[in-house]
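Results of the structural survey
If you want the building blocks of each chain, they are given just below.
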Amino acid sequence: MADLTTNVQYVKGVGEARAKSLRKLGITDLRALISFFPRAYEDRREFRRIADLVPGEYACVRAMVAGEPTLSHIRKGLDLVKLRVVDESAALELTYFNQSYLKNNLHTGEEYVFYGKAEGNLLRRQMTNPVFEREGEGRVTGRIVPVYPLTAGVSQNVLSRSIRQGLDACADELPDVLPEEVRAAHRLCHIRYAYENIHFPADDEALRVARRRLVFEELYLLTLGLRLLRARRSDSDGQKCEPVPLDPFYAALPFALTGAQARAVEDCARDMASGRAMNRLVQGDVGSGKTMVAAAAVWFAARSGLQSALMAPTEILAEQHFKTLAPLLEGLGVRCALLTASTPAKARRETLARLAEGELDLLIGTHALLSPDVAYQRLGLVVTDEQHRFGVAQRALLGGKGDNPHLLVMSATPIPRTLALMIYGDLDVSLIDELPPGRQRIDTFAVNSGYHERIYAFLRKQAAEGRQAYVVCPMVAENGELPDERKAVTAYAEKLQREVFPELTVAPIHGKMKPKEKETVMRDFSAGRIDILVSTTVVEVGVDVPNAAVMLIENAECFGLSQLHQLRGRVGRGTHKSYCILVSDNTGEDNRRRLQVMTKTNNGFEIAEEDLKLRGPGDFFGSRQHGLPSLRVADLSCDMELLQESRAAAEALIAADPALAGHPALRRRIDELFELNAGAMN
Ligand code: ADP
Ligand code: MG
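A quick note: this is a predicted structure, and the numbers were derived from the prediction, not measured.

A closer look at helix 24 (residues 664–673)
- Within the span of helix 24, buried status applies to L666, R667, R669 and I670. Buried residues of helix 24, seen end-on, are gathered within an arc of 160 degrees and therefore sit on one face of the element.

Quick look at the packing of aromatic side chains
- Applying the stated criterion across every chain yields a total of 13 aromatic pairs.
- Ring geometry for F37 against Y195: centres 5.9 Å apart, planes inclined by 40 degrees, an arrangement best described as tilted. Highlighted residues: F37 in the loop between helix 2 (30–34) and strand 1 (40–43) and Y195 in helix 6 (residues 191–199), separated in sequence by 158 residues. Of the two residues, F37 and Y195, both sit in the buried class.
- Ring pairs connect the aromatic residues Y96, Y112, F114 and F132, which therefore count as one cluster.

With respect to the pattern of salt bridges
- Summed over all chains, the structure comprises 33 salt bridges.
- We note a salt bridge from R48 to E57, for which the minimum N-O separation is 3.0 Å.
- Judged by its relative accessible area of 34%, E57 falls in the partly exposed class.
- One salt bridge connects E180 with R183, and the closest N-O pair in it is separated by 2.7 Å. A residue pair is termed a helical-turn pair when its members lie 3 or 4 positions apart in one helix, as E180 and R183 do in helix 5 (residues 180–185) at 3 residues.
- Given the relative accessible area of 9%, R183 is considered buried.
- Residues participating in the shared-partner salt-bridge network are D267, R270, D271 and R280.

Notes on the packing of helix 11 (residues 315–330) against helix 17 (residues 515–526)
- Where helix 11 meets helix 17, the closest approach of the two axes is 10 Å, and the angle between their N-to-C directions is 55 degrees. Taken together, the axes of helix 11 and helix 17 are oblique relative to one another. Viewed along their axes, helix 11 and helix 17 form a crossing whose handedness is right-handed. Across from E315, I316, E319 and K323 in helix 11, the residues of helix 17 making contact are P515, K518, E519 and M522.
- In terms of residue class, the contact of helix 11 with helix 17 is built from 3 nonpolar, no polar and 5 charged.

Some words on the site of ligand 1
- By nearness alone, 16 residues border ligand 1, and G287, K290, T291, R439 and D544 come closest of all.
- One of the side-chain N or O atoms of R573 is found 2.9 Å from an oxygen atom in ligand 1.
- Protein burial of ligand 1: of its 560 Å² of free accessible surface, 85% is covered by the chains.
- Split into classes, the residues belonging to the shell around ligand 1 amount to 5 nonpolar, 6 polar and 5 charged.

Side note on the packing of helix 10 (residues 290–303) against helix 11
- At their nearest, the axes of helix 10 and helix 11 sit 11 Å apart, and the two run at 45 degrees to each other. With respect to each other, helix 10 and helix 11 are oriented oblique. When the axes of helix 10 and helix 11 are compared, the crossing they make is right-handed. Mapping the contact onto sequence places T291, M292, A295, V298 and W299 in helix 10 and H321, L325, L328 and L329 in helix 11.
- Looking at the contact of helix 10 with helix 11 residue by residue, the classes come out as 7 nonpolar, 2 polar and no charged.

Re the pairing of strand 18 (residues 468–472)
- For strand 18, the buried fraction is high: 5 of the 5 residues fall into the buried class.
- The two faces of strand 18 match: Q468, Y470 and V472 on one face and A469 and V471 on the other face are all buried.
- Pairing of strand 18 with strand 21 (residues 548–553), which is carried by 5 bridges, proceeds in the parallel orientation. Bridge assignment links A469 to a residue of strand 21, and that residue is V550.
- In this structure, strand 18 lies alongside strand 20 (residues 532–535), joined through 4 bridges in parallel fashion. Within strand 20, the position partnered with V472 by the bridge is S535.

What to know about the environment of G574
- Here G574 is to be found in the loop between helix 18 (561–568) and strand 22 (579–583).
- By relative accessible area, G574 is classed as buried at 15%.
- Distance in space between the C-alpha atoms of G574 and R439 is 6.9 Å, their sequence separation being 135 residues.
- For G574, the residues in contact, after removing those within four places along its chain, are G438, R439 and P546.

Here we look at the sheet that holds strand 21
- Spatially, the 6 strands line up as an open sheet ordered 17-22-21-18-20-19, and their pairing is parallel. Looking at which strands have only one partner, the edges of the open sheet turn out to be strand 17 (443–447) and strand 19 (506–509). The sheet shows a mean angle of 20 degrees between the axes of neighbouring strands, direction not considered.
- Where strand 17 lies against strand 22, 5 bridges are found, and the strand directions are parallel. Note that in strand 22 the partner of F445 across the bridge is I581.
- Here helix 17 sits on the sheet and contacts strand 18, strand 19, strand 20 and strand 21; the angle it forms with strand 19, its principal contact strand, is near 140 degrees.

Points about the side chain of S160
- Turning to its location among the elements, S160 is positioned in helix 4 (residues 156–170).
- By relative accessible area, S160 is classed as buried at 10%.
- S160 has contacts with R139, Y148 and F200, leaving out every residue within four places of it along the chain.

As for the side chain of N591
- Here N591 lies in helix 19 (residues 589–600).
- Filtering out sequence-adjacent residues up to four positions away, N591 remains in contact with E557, S584 and N586.

Calculation criteria
Residues numbered from 1 in each chain as written. Chains lettered and ligands numbered in written order. Predicted model: local features only at pLDDT ≥ 70, side-chain atom pairs only at ≥ 80, totals over all residues. Heavy atoms only, no water. Buried < 20%, exposed > 50% of the residue type's maximum accessible area, 1.4 Å probe, protein only. Helix = DSSP H or I, 4+ residues; strand = E, 2+ residues; numbered from the N terminus. Arc of directions from axis to C-beta. Phe/Tyr/Trp six-rings, centres within 6.5 Å; stacked < 30°, edge-to-face > 60°. Salt bridge = Lys/Arg side-chain N within 4 Å of Asp/Glu carboxyl O. Axes fitted to C-alpha atoms, helices over the stretch in contact; angles between N-to-C directions. Parallel < 35°, antiparallel > 145°, perpendicular 65-115°, else oblique. Left-handed = near helix turned anticlockwise from the far one by under 90°. Contact = heavy atoms within 4.5 Å. Nonpolar A, V, L, I, M, F, W, Y, C, P; charged D, E, K, R; others polar. Near = heavy atom within 4 Å. Polar contact = N/O pair within 3.5 Å; in protein donor to acceptor, adjacent residues only side chain to side chain. Areas by Shrake-Rupley, 256 points an atom, 1.4 Å probe, with all protein chains shown as cover. Pairing = 2+ DSSP bridges.

Listed below in structure tokens is the structure:
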């Protein structure tokens, strides 16, 4: 019996060579091996007589090798093995490319089962590269066969054999983390049956039953994990704010809030004055004005003597928030400071001292606000902007810093309802579904690189009218090396400056620049001293330059839909007519559809739904985005019923055993999945 953490290399029958292949797929231990689920299945159950084969259709035949296989070298790199097999009805010619060893593996006079696509005609029936095995082996023929997602250098065969070995090594003693009563109540199969049949289904029904159990388990663990993360907040008394009227704040603004913004502000004020901790998500499309909602909440907290922390995912964004918010809020008596990784040591010490003394009301920063040496006198509100860059666990960590502070999460990534339900299960939501007045639709075009001359002419014309442009340059990996963003961006910026726009000012910006340099470039761009800013996706999030009217995205196929939408949101932020140009030479169907979605709609929620349809939920769940475990079997576009059912079960369990003290194995599994350190969960 093998432990699930056993290195695959030591799983009986796998060995060093295969383990090396498996590692390419991220499979390092036994658990990862048996949890590497098929992406599809091939039904190879149908047997036919050779005479009944239909050209173009797949089938199994039982046949005898009728003569010695012949091996011929056609040319360098091309070997053929040919042989004839027969059954009682007819003969079939088989051809194998570049598998010369088969000459000695298929023996004259012996019977095998072959599976492949029939070709040829009635007189001359053929198959190319059919899989085969001896009758009764039942591994690759005569059954439903798993199809695994693979990378180069690993074959289906290696994988399914390894998984077979893996299952044999542990199947009898697979630990089941689902409580027995849950399993019984929801009519879920045993874990062993589930793993066996998700890989090697006996029939369709067995596959359905296996999958149902694994999907349930996956969603159950996910819900439990999220509940644990939030549990400590749920019953919590919050710091009660004075219900002061918001008029002084409104009066200080240079514009009137939109109805949707005002509603969000009032939601926050109500929460914060309620005596319970606020737990609110503000979801609004790019440019909908979420920053002002945060400002209002900060002001409201400060009026009751509470400090606020505002956390942004990048330094540029934190600095920008500081620049827009500090003048406004200082004018209202809210003392603000910026703290980032590049704050000089002396300034940092002073800021921290003021913070601890209660001489600061708002601290704006990046992850630096999470470091243990940042101590607040009376932290009452935590705002995280562009939440999708922060993991759930990080959020929890920050929440733990004060005396149960109010939490305001701002997200510009519209999330389909089904996913929002999971990710933000018990956050209250304010939706900003209205843009500030005067905004126009961003006209979006998808073209190939043949249009470059016309695009450049268009940029020139826009510049002549005083507008600015972003050019997003993709990271192209050169001969298998990691892409070098600095090189790509500076080279493209230089080329544009020298060869295309000698009369304009072109400047590069990228993540490898020193924060000071980046800031200078952003400041120059903001002030209109740069016409064309060539960047990587560092501009993706939140940067606000109302005079920028063109977003040109090169190699648009490299970006996800949501990312393209975010990038596009950098323009159209002022009153100028704005444009987004997506350049791609990729003619694949998927890419074409994605770019078409962009040209058809400006609505982030519609785009998110499309993204979910096109890419599946995996990307939304990648730990990079949310800190959530990725879904391996569940498909939220069709498993909604199971989601409800497993959620109800998870909630019942949490109600009865809030910390899962009575279910230690289950708790351990969840901690592993969420990769949580004890600190974040307790
Ligand atoms: P996002 O929701 O993407 O964070 P921002 O808060 O950055 O949007 O706001 C985008 C732009 O709209 C900013 O320039 C901001 O000053 C402006 N803005 C916000 N609210 C309003 C409003 N009610 N009327 C006019 N302009 C507004
Ligand atoms: Mg923003």
